[in-house]
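Listed below are the residues making up each chain.
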Amino acid sequence: MTLPRRATLAAFAICYVLAMFGAFSAFVPLFALILPQKISTLPGLDGRSGLAALSWILVAGGVAAGGGNIVAGVISDALFRRTQSRRGLVAAGTTAVAAALSGVAMARTFAEVMGAIVVFQLAVNLMLSPLVALLVDYVPDQQKGRVAGWLGLALPFGSLIVTALTIVAPAAGPTVPLFIAVGVVVLLALPLILLWPVPVLIPARPTPVTARPRQAVILHDFVLAWTARLLVQCAAAAILPYLYFYVADVVRPAGGARAIGSAVGVLAFVFAVMSVAGAVTVGWLSDRLGRRRAPLTVSALLVAASMVALSLAPGWGLTVTAYGCFAAGLAGFLAIDSALVAQLIAANARRATLLGVMNLTNTLPGVLSPIMALAVIGDRFDAMPMVFVMQFAAAGALVAALCGSRIRTLR
């Protein structure tokens, strides 16, 4: 008996969201908590030298991620044209991620850690590239906002994993959390791999010659969406990988190193809760209104305002509030931007390749923000470099809001 289309889509969406949760469980805890802890255990790396080491590792990993995602997109599209499925690449990427995380756990020197992170970035993008393309392959336009909203919960889920690790293994060091992450990734990716839906629900449609003027408008909007996402992700890259150092050197909680870990856990929990609210609410609202532009613009403005507030370090209560607003704005923006881009490229057979180009908006900030951090550290180590980077990123988010407001194509 053949399942109805609605049931098929619902089953796919559940497995799809779980697999995306697994992918984010690989890198959010790694970069928010485990990698800074790992660096702090390396000989001679603490304070300013630890922040510089983290920045160089993020730069190397970001370069690998940018190129790796585009190559994975080309491979994914080639396999998809032959098999009408991306399952093999998702399975290969999941296996590679598990192996790469194990490699990070075994690294013992700065060079080994950097090499392990480069390998990890290649592996996680081998998994993410085909996963992201599934939003175009299987989800109708009128439901893309809601599904993208649920996919947006992957980031707060990864943040919840950070909180859980600070509770379950507060003094275990970085090795035990890494192997916990391996188990979570594999467990959440398996349902999609094992229960893969065979038919492609949204086949690529050839573009007629008469549609060329519209294609030019779509390209214009793709560029605007790309630029807006790049700038918002730069804002995220200015705080998320440096959250541990932000708490230690800007917030400065009383109680020493143990208090820093606890404060990071609290902020990670707030981030998770508010991201859920932002992604689901904004994604549902955009489908309900039949519009993407206004929610996208408002979300970018919320990111900008929150970054300014965080840079001022207004006290613990207001810091928690500002970080929660930042999480809601970021999750809402990413959900709407993902749905919008998925609509723009729906007629194109090179979906994963174009999404690889769009993924540069995720990887370039991971290179640009650490480079800026390295440039402004100078000869001293205090809160000012991080504050400057955050305020500069907030200005970028304002420009992102302007770009979002100029998108013309889609209702």
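Structure: see above.
All of these numbers come straight from a predicted model, not from anything done at the bench.

A.B. asks: Any chance you could break down the environment of Thr166 for me, citing the residues and the numbers?
C.D. replies: Mapped onto the secondary structure, Thr166 falls in helix H6 (residues 154-168). Sequence separation between Thr166 and Leu33 is 133 residues; the distance between their C-alpha atoms is 8.8 Å. Not counting residues within four places of it along the chain, the set of residues in contact with Thr166 comprises Leu33, Gly261 and Gly265.

A.B. asks: Hey, could you go over the nonpolar core for me, with residue numbers and the actual values?
C.D. replies: Formed by 132 residues in total, the largest nonpolar core has its most connected members in Leu30, Phe120, Leu131, Met307 and Phe326. Considering each element in turn, this core owes the most residues, 20 residues, to helix H1 (residues 5-40). Beyond its immediate stretch of four places on either side in the chain, Leu131 contacts Tyr16, Ala19, Met20, Ala23, Val90 and Leu192.

A.B. asks: An account of the environment of Ala19 is requested, with residue identities and associated values reported.
C.D. replies: Inspection of the secondary structure puts Ala19 in helix H1. Setting aside its immediate chain neighbours within four residues, Ala19 contacts Met127, Leu131, Leu188, Ala189 and Leu192.

A.B. asks: Just give me the short version of the side chain of Ser85, but keep the residues and values in it.
C.D. replies: Turning to its location among the elements, Ser85 is positioned in the loop between helix H2 (47-83) and helix H3 (87-106). Here Arg87 takes part through its backbone nitrogen, which lies 3.1 Å from a polar atom of the side chain of Ser85. If sequence neighbours within four positions are ignored, Ser85 has contacts with Leu79, Phe80 and Trp196.

A.B. asks: Break down the packing of H3 against helix H7 (residues 175-194) for me, with residues and values.
C.D. replies: Close contact between H3 and H7 brings their axes to 9 Å; oriented N to C, the two are set at 175°. One element, H3, and the other, H7, form an angle in the roughly antiparallel class. Every residue of H7 that contacts H3 at Arg87, Val90, Ala91, Thr94, Val97, Ala98, Leu101, Ser102, Val104 and Ala105 is listed here: Thr175, Leu178, Phe179, Ala181, Val182, Val185, Val186, Ala189, Ile193 and Leu194. Looking at the contact of H3 with H7, its residues break down into 16 nonpolar, three polar and one charged.

Calculation criteria
Residues numbered from 1 in each chain as written. Predicted model: local features only at pLDDT ≥ 70, side-chain atom pairs only at ≥ 80, totals over all residues. Heavy atoms only, no water. Helix = DSSP H or I, 4+ residues; strand = E, 2+ residues; numbered from the N terminus. Contact = heavy atoms within 4.5 Å. Core = buried A, V, L, I, M, F, W, Y, C linked by side-chain atoms within 4.5 Å. Buried < 20%, exposed > 50% of the residue type's maximum accessible area, 1.4 Å probe, protein only. Polar contact = N/O pair within 3.5 Å; in protein donor to acceptor, adjacent residues only side chain to side chain. Axes fitted to C-alpha atoms, helices over the stretch in contact; angles between N-to-C directions. Parallel < 35°, antiparallel > 145°, perpendicular 65-115°, else oblique. Nonpolar A, V, L, I, M, F, W, Y, C, P; charged D, E, K, R; others polar.

In short, the description is geometric, and any link to function would need to be established separately.
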